[in-house]
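Residue-level structure breakdown
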There are 2 protein chains.
Amino acid sequence: MRQKTTLKSIARELDVSISTVSKALKNSDEIGKETKEKVQAFAKLYNYKPNNVAISLKNKRTKNIGVVIPDIVHHFFTTVFRGIEKYANERGYNVVICISDESYDKEVINLEMLSNGSVDGFIMSLSAETQKKNDFNHLKEILNQGIPIVLFDRVTNEIDCDKVILNDREIAYEAVSTFIADGRKRIALVTTESYFNVSEERAIGYRDALTANNITLDENLILKLHYKDFNETDISNFFKANKIDAVLCVNELFATMCMGIVQNDGVQIPKDIAFMGFTDGMLSKYSKPTLTTVAQHGDKMGEAAARFLIDRIENETDDEIPAYETEIIKATIIQRDSTN
Amino acid sequence: MRQKTTLKSIARELDVSISTVSKALKNSDEIGKETKEKVQAFAKLYNYKPNNVAISLKNKRTKNIGVVIPDIVHHFFTTVFRGIEKYANERGYNVVICISDESYDKEVINLEMLSNGSVDGFIMSLSAETQKKNDFNHLKEILNQGIPIVLFDRVTNEIDCDKVILNDREIAYEAVSTFIADGRKRIALVTTESYFNVSEERAIGYRDALTANNITLDENLILKLHYKDFNETDISNFFKANKIDAVLCVNELFATMCMGIVQNDGVQIPKDIAFMGFTDGMLSKYSKPTLTTVAQHGDKMGEAAARFLIDRIENETDDEIPAYETEIIKATIIQRDSTN
DNA sequence: TATCAACACGAAACCGTTTGCGTAAAGAAT
DNA sequence: ATTCTTTACGCAAACGGTTTCGTGTTGATA
């Protein structure tokens with residue numbers, strides 16, 4: 001393998017000092033015209049690129065940001081990531097990504113791996129296990145080391161840092177209100193275990209909307225499913241056991257699955273039951289019928305998170321830390337065929 | 001913000017030399033028991049972590065690998081990425097990811113950004129534009145600099161490097177043969193523009209299977225769609241204009257979309273027309289009917305690619321380069337309700 | 001008592017850059 | 001002829017580690 005061209009190798013070949021080469025390449029006017037031209041030509045010829053690792057060491061800045069998310073084969077997280085990557089790149093940052101796989105331990109390991117100077121800060125969404133354990137010491141550790149963190153979507157009040165979230169409660173309220181305006185009254189909620197903060201917020205919006213419209217909450221109309229392991233028979237039974245004319249699901253997977261199951265049981269959508277989901281992904285667009293759903297604008301969330309983080313990285317001073325902010329991204333409902 | 005603890009700061013506090021601290025933390029037996037304990041305790045107390053950037057500079061190895069893929073909001077690429085990330089992590093590598101967004105220029109920029117010592121090697125799948133332009137000088141540049149590349153899925157013969165691909169041709173052959181065995185004869189192919197090597201391979205498998213079964217190829221039964229912009233009316237017309245009883249689509253999106261369209265036109269699946277797609281993603285599992293599809297085992301591809309790359313990075317010698325290999329991942333057909 | 005090995009540690013080079021400062025050479029000013 | 005400026009460059013420290021080699025101290029041995 002060929003030797004890398006470095007300042008030193010150029011200096012040796014051209015019989016000048018390393019600093020002269022460095023300055024010449026930066027077009028410093030400390031260096032004579034001829035020398036500059038000579039050096040620049042040589043550098044170009046041998047395709048010199050300043051070693052980024054050395055620069056990072058010198059600057060104590062890597063221009064890398066770490067992203068730790070629970071899952072990557074997941075529409076919402078990929079859209080957020082796309083937003084992060086795009087914005088970060090525009091500002092000259094690279095993105096290192098680690099998947100926690102919904103595991104607390106992996107989340108801890110991931111943070112460990114990158115908090116040794118590999119990245120200048122983190123963007124995270126909490127794993128299911130972390131939310132369940134409600135243990136955030138690993139995040140506190142990082143913050144104590146002076147490394148900034150931005151949380152998005154799956155956040156917690158326990159940690160004081162910049163955050164980007166969706167207006168989950170309001171949009172759920174709006175969704176349920178729409179059902180009611182269409183004359184539907186027996187409105188079900190299909191959600192996950194309540195330790196997911198977003199599900200909980202959506203549930204609150206659901207309850208609030210019912211209350212506001214004088215509909216008594218029927219706990220039987222709330223179905224909690226595990227976020228990945230669920231039983232189709234349970235779902236079928238849920239719909240058979242209760243008179244239901246509208247369903248709000250906290251994600252598009254639940255919605256699509258439920259639609260498939262009730263359709264097999266002869267239910268007409270949206271005539272008999274209307275469905276609405278969260279996450280405007282492939283399933284929503286191509287399910288049958290197509291699904292009315294809440295678009296979370298992941299790209300925007302990602303961009304906002306990256307902006308928060310990079311601003312904070314680049315404004316680091318020895319003075320006090322600027323106050324942390326929370327940006328709320330406004331969701332929108334995309335009307336399709338599963339509602340009228 | 002608190003000062004980072006470094007070897008130097010520990011040395012200063014404990015009034016020993018930097019090298020003593022370094023050795024003590026590595027449990028070198030050059031250092032006395034008491035000193036070691038003192039240093040280790042101090043380091044633990046102040047949460048010392050060796051600066052990864054400094055180590056990278058010293059070792060001329062970053063333990064980072066760069067992944068450049070065309071898209072991230074994409075089931076197949078995310079599964080591959082998951083495979084890469086998992087395997088790389090097990091071997092102590094971090095993953096920096098760049099999205100080319102199907103653009104040649106971005107692909108070039110991404111490679112530029114990371115080829116300055118930021119990563120030890122690349123795993124890539126070519127962008128649509130790159131495949132169309134058929135220009136791979138940016139890859140050659142990287143290889144010339146002695147940085148290894150592994151290509152997966154969207155590869156090219158122009159570049160000599162390790163590759164991981166699917167047995168596209170054979171599995172397409174098998175898919176079409178299955179149709180024929182079911183008594184179907186008017187078999188359509190819905191594919192992308194032919195500059196995609198994978199689509200081309202699948203098309204060859206399709207043709208070969210027809211030929212092998214004495215079915216004359218009808219070019220009218222081949223529909224080429226742009227990979228992201230397509231017109232539903234065109235698709236509807238295609239199915240109306242031709243008598244078709246089976247369809248092989250090169251991805252699940254095309255398949256799901258076509259199913260939706262023909263169902264709207266009153267076609268029964270799989271009675272009238274059977275459908276098969278590629279990519280065993282969400283759409284396949286939850287479309288109506290569920291889609292028989294070719295599972296590409298992205299995780300396996302990712303793992304294989306990462307293994308190739310890391311082995312090559314860690315075996316770098318001054319001797320000659322070991323011969324490049326191509327690993328072929330075997331696809332499998334997942335039987336669902338869109339075929340009988 | 002002189003010699004020597006073992007022990008415990010420090011000095012310094014190195015990885016590749018950047019940058020403040022010192023300085024030799026050359027020309028200008030006195 | 002002497003002093004002062006420029007000009008054009010080199011030296012060296014610094015970033016945070018690792019590692020080779022050198023060396024002062026100690027106790028044992030001849």
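Conventions adopted
Residue positions are given per chain, counted from 1 along the sequence in the order it is written. Chains and ligands are labelled by the order in which they are written, letters from A for the one and numbers from 1 for the other. Reporting of local features is limited, given that this is a predicted model, to residues whose pLDDT is at least 70; pairs of side-chain atoms are given and counted only at 80 or more, and all residues count toward the totals for whole chains, interfaces and linings. Excluding hydrogens and water, the side-chain values take into account all heavy atoms of the structure. Strands are runs of DSSP state E lasting at least 2 residues, helices are runs of H or I lasting at least 4, and numbering of each runs from the N terminus. This radius of gyration counts C-alpha atoms alone. The globule rule is 2.2 Å times how many residues there are, raised to the power 0.38. Residue burial is assigned from relative accessible area. The probe radius is 1.4 Å, only protein chains are included, and a residue is buried under 20% of its type maximum, exposed over 50%, and partly exposed in between. Note on definitions: a residue-residue contact is assigned when non-hydrogen atoms from the two residues lie within 4.5 Å. A pair of strands counts as paired when DSSP detects no fewer than two bridges linking them. A helix's residues, less one, multiplied by 1.5 Å, set its expected span. Every axis corresponds to a line fitted to the C-alpha atoms, with the helix fit spanning only the stretch in contact, and the corresponding angles, defined between N-to-C directions, vary from 0 to 180 degrees. Convention used here: angles under 35 degrees read as roughly parallel, angles over 145 as roughly antiparallel, angles from 65 to 115 as roughly perpendicular, and any remaining angle as oblique. Residue classes follow a fixed rule: Ala, Val, Leu, Ile, Met, Phe, Trp, Tyr, Cys and Pro count as nonpolar, while Asp, Glu, Lys and Arg count as charged, and any other residue, Gly among them, counts as polar. Definition of a polar contact: a pair of N or O atoms within 3.5 Å, with one able to donate and the other able to accept a hydrogen when the atoms are protein atoms, and with sequence-neighbouring residues admitted only if both atoms are side-chain atoms. To be near a molecule or strand, a residue needs just one of its heavy atoms within 4 Å of it. The source of the domain bounds is an automatic or database domain assignment. To superpose the copies, least squares is applied to the C-alpha atoms of every residue with a pLDDT of at least 70 in both. Each cavity reported here is a set of points on a 1 Å grid over the protein atoms alone in which a 1.4 Å probe fits but cannot get out, each pocket an open set with protein on both sides within 12 Å along at least five of seven lines, and each lining residue one with an atom within 4 Å of a point. Grid points are joined across faces, edges and corners, and a volume is the space filled by probe spheres set on the points. Any two rings among Phe, Tyr and Trp, with Trp reduced to its six-membered ring, count as a pair given centres within 6.5 Å; such a pair is stacked if its planes are under 30 degrees apart, edge-to-face if over 60, and tilted if neither. Here, a charge over a ring means that NZ of Lys or CZ of Arg falls within 6 Å of the ring centre while also lying within 35 degrees of the ring normal.

Thoughts on the overall build of chain A
Looking only at helices and strands, chain A has 14 helices and twelve strands in total. The globule rule puts the C-alpha radius of gyration for 340 residues at 20 Å, and the 26 Å found for chain A is more than 25% above it. Taking the principal axes of its C-alpha atoms as reference, chain A extends roughly 85 × 40 × 35 Å. Counting over 340 residues, chain A shows a buried share of 54%. Counted over contacts in chain A with a minimum sequence separation of 6, partners at least 24 positions apart contribute 71%.

Quick word on the pairing of strand 5 (residues 162-166) of chain B
Where a strand is regular, its side chains alternate between the two sheet faces. Residues and elements named next belong to chain B. For strand 5, the buried fraction is high: four of the five residues fall into the buried class. Here strand 4 (residues 149-152) runs beside strand 5; their pairing, made up of three bridges, is parallel. Paired with L151 across the bridge in strand 5 is K163. Note that strand 5 and strand 11 (residues 326-329) share four bridges and pair parallel. Bridged to K163 within strand 11 is T326.

Side note on helix 5 (residues 75-90) of chain B
Residues and elements named next belong to chain B. Here helix 5 is 16 residues long and its end C-alpha atoms lie 23 Å apart, about the 22 Å a rise of 1.5 Å per residue gives. Most of helix 5 is tucked away: twelve of the 16 residues are buried. Looking only at helix 5, the buried set comprises F76, F77, T78, T79, V80, F81, G83, I84, E85, Y87, A88 and N89.

Some thoughts on the packing of helix 2 (residues 18-25) of chain A against helix 3 (residues 33-45) of chain A
The geometry of a pair of packed helices is captured by two quantities: the angle between their axes and the separation between those axes. All names here are of chain A. Helix 3 packs onto helix 2 with a crossing angle of 85 degrees between their chain directions and a minimal axis gap of 9 Å. With respect to helix 3, the element helix 2 is oriented roughly perpendicular. Note on element contacts: helix 3 touches helix 2 through T35, K36, V39, Q40 and A43, opposite T20, V21, A24 and L25. Here the residues of the contact of helix 2 with helix 3 are counted per class, giving five nonpolar, three polar and one charged.

What to know about the sheet that holds strand 7 (residues 222-225) of chain A
Residues and elements named next belong to chain A. What the six strands build is an open sheet, ordered 7-6-8-9-10-12; its pairing is mixed. Sheet topology places strand 7 and strand 12 (332-334) at the edges, where each strand pairs with a single neighbour. Recorded for the sheet is a direction-independent mean angle of 20 degrees between the axes of neighbouring strands. Two elements, strand 6 (residues 187-192) and strand 8 (residues 246-249), share four bridges in a ladder whose sense is parallel. Looking at the pairing, L189 lines up with L248 of strand 8.

Considering the sheet that holds strand 8 (residues 246-249) of chain B
Residues and elements named next belong to chain B. In spatial order, the strands read 7-6-8-9-10-12; together these six strands make up an open sheet with mixed pairing. Two strands lie at the open edges of the sheet, namely strand 7 (222-225) and strand 12 (332-334), each paired on one side alone. Shown here is a sheet whose adjacent strand axes are inclined to one another by a mean of 20 degrees, direction ignored. Pairing analysis gives three bridges linking strand 8 to strand 9 (residues 274-278), with the strands arranged parallel. Residue pairing for strand 9: A246 is matched across the bridge by A274. Across the face of the sheet, helix 10 (residues 197-212) comes into contact with strand 6 (187-192), strand 7 and strand 9 while running at roughly 165 degrees to strand 6. In this fold helix 11 (residues 232-241) packs onto strand 6, strand 7, strand 8 and strand 9, with an angle of close to 180 degrees to the strand it touches most, strand 7.

Digging into the side chain of T292 of chain B
Residues and elements named next belong to chain B. By the secondary structure assignment, T292 is in strand 10 (residues 292-295). For T292, a relative accessible area of 0% corresponds to the buried category. Within the structure, T292 has its side chain in polar contact with the backbone nitrogen of R336 (distance 2.8 Å). Ignoring anything within four residues of it in the chain, the contact list for T292 reads F275, M276, G277, I333, I334, Q335, R336, D337, S338 and T339.

What to know about the protein's contact with DNA strand D
In the vicinity of DNA strand D, 28 residues are found, and the nearest of them are T20, K23, E30, G32 and T35 of chain A. The share of sugar and phosphate among atoms of DNA strand D within 4 Å of the protein is 55%. With respect to DNA strand D, the side chain of S17 of chain A contributes an N or O atom lying 2.8 Å from a phosphate oxygen. Taking K58 of chain B, its side chain carries an N or O atom lying 3.5 Å from a base oxygen of DNA strand D.

Some thoughts on the domain arrangement of chain A
Segmentation of chain A into domains returns domain 1 (7-50), domain 2 (63-166 + 298-328) and domain 3 (168-296). When each unit is reduced to the centre of its C-alpha atoms, the spacing between domain 1 of chain A and domain 3 of chain A is 66 Å.

A short note on the protein's contact with DNA strand C
With respect to spatial proximity, 28 residues lie near DNA strand C, and among them T20, K23, E30, G32 and T35 of chain B are the closest. Of what DNA strand C places within 4 Å of the protein, 58% of the atoms are sugar or phosphate. With respect to DNA strand C, the side chain of E30 of chain A contributes an N or O atom lying 2.9 Å from a base nitrogen. Of all elements in the fold, only helix 1 (7-14), helix 2 and helix 4 (52-59) of chain A together with helix 2 (18-25) and helix 4 (52-59) of chain B reach the threshold of two or more residues within the surface near DNA strand C. For the surface near DNA strand C, the element with the highest residue contribution is helix 2 of chain A, accounting for four residues. Split by residue class, the surface near DNA strand C holds nine nonpolar, nine polar and ten charged.

Side note on the relation of the copies chain A and chain B
Each copy of the chain is related to the other by a rotation around an axis and a translation along that axis. Note on the identical chains: chain A maps onto chain B by a rotation of 180 degrees and an axial translation of 0.0 Å, with an RMSD of 0.1 Å. The superposition of one copy onto the other is thereby described by a two-fold rotation axis. In terms of C-alpha distance to the rotation axis, chain A has V96 of chain A as its closest residue, with the C-alpha 2.1 Å off the axis. When you check the interface residues of chain A against chain B, 98% turn up at the interface there too, and the contact is symmetric in its surfaces.

Comments concerning empty space enclosed by the protein
Tallied over the full model, the rule gives two cavities of 30 Å³ or more. Around the largest cavity, the lining comprises 18 residues; the ones closest to its centre are V53, N64 and S118 of chain A together with N64 and S118 of chain B. Its residues placed into classes, the lining of the largest cavity shows six nonpolar, twelve polar and no charged.

With respect to the packing of aromatic side chains
All told, the structure shown has 16 aromatic pairs over all chains when counted by the stated rule. When the centroid spacing of 4.6 Å and the interplanar angle of 35 degrees are considered together, the rings of F42 of chain A and Y46 of chain A count as tilted. Their ring planes at 90 degrees and their centres at 5.7 Å tell us that F230 of chain A and F254 of chain A sit as a pair that is edge-to-face. Of the two residues, F230 of chain A sits in the loop between strand 7 and helix 11 (232-241) while F254 of chain A sits in helix 12 (residues 252-264), which places them 24 residues apart along the sequence. For F254 of chain A, a relative accessible area of 0% gives the class buried. Taken together, the aromatic side chains of F76, F77 and F152 of chain A make up a single cluster linked through ring pairs. Here the basic side chain of R202 of chain A rests over the ring of F278 of chain A, its NZ or CZ set 3.9 Å away from the ring centre. Positioned above the aromatic ring of Y104 of chain B, the side-chain terminus of K133 of chain B is 3.9 Å from the ring centre.

Comments concerning the environment of R307 of chain A
Residue and element names in this part refer to chain A. Examined against the element boundaries, R307 turns out to sit in helix 14 (residues 298-314). A C-alpha to C-alpha distance of 9.2 Å links R307 and R91, two positions 216 residues apart in sequence. If sequence neighbours within four positions are ignored, R307 has contacts with Y87, R91 and E327.

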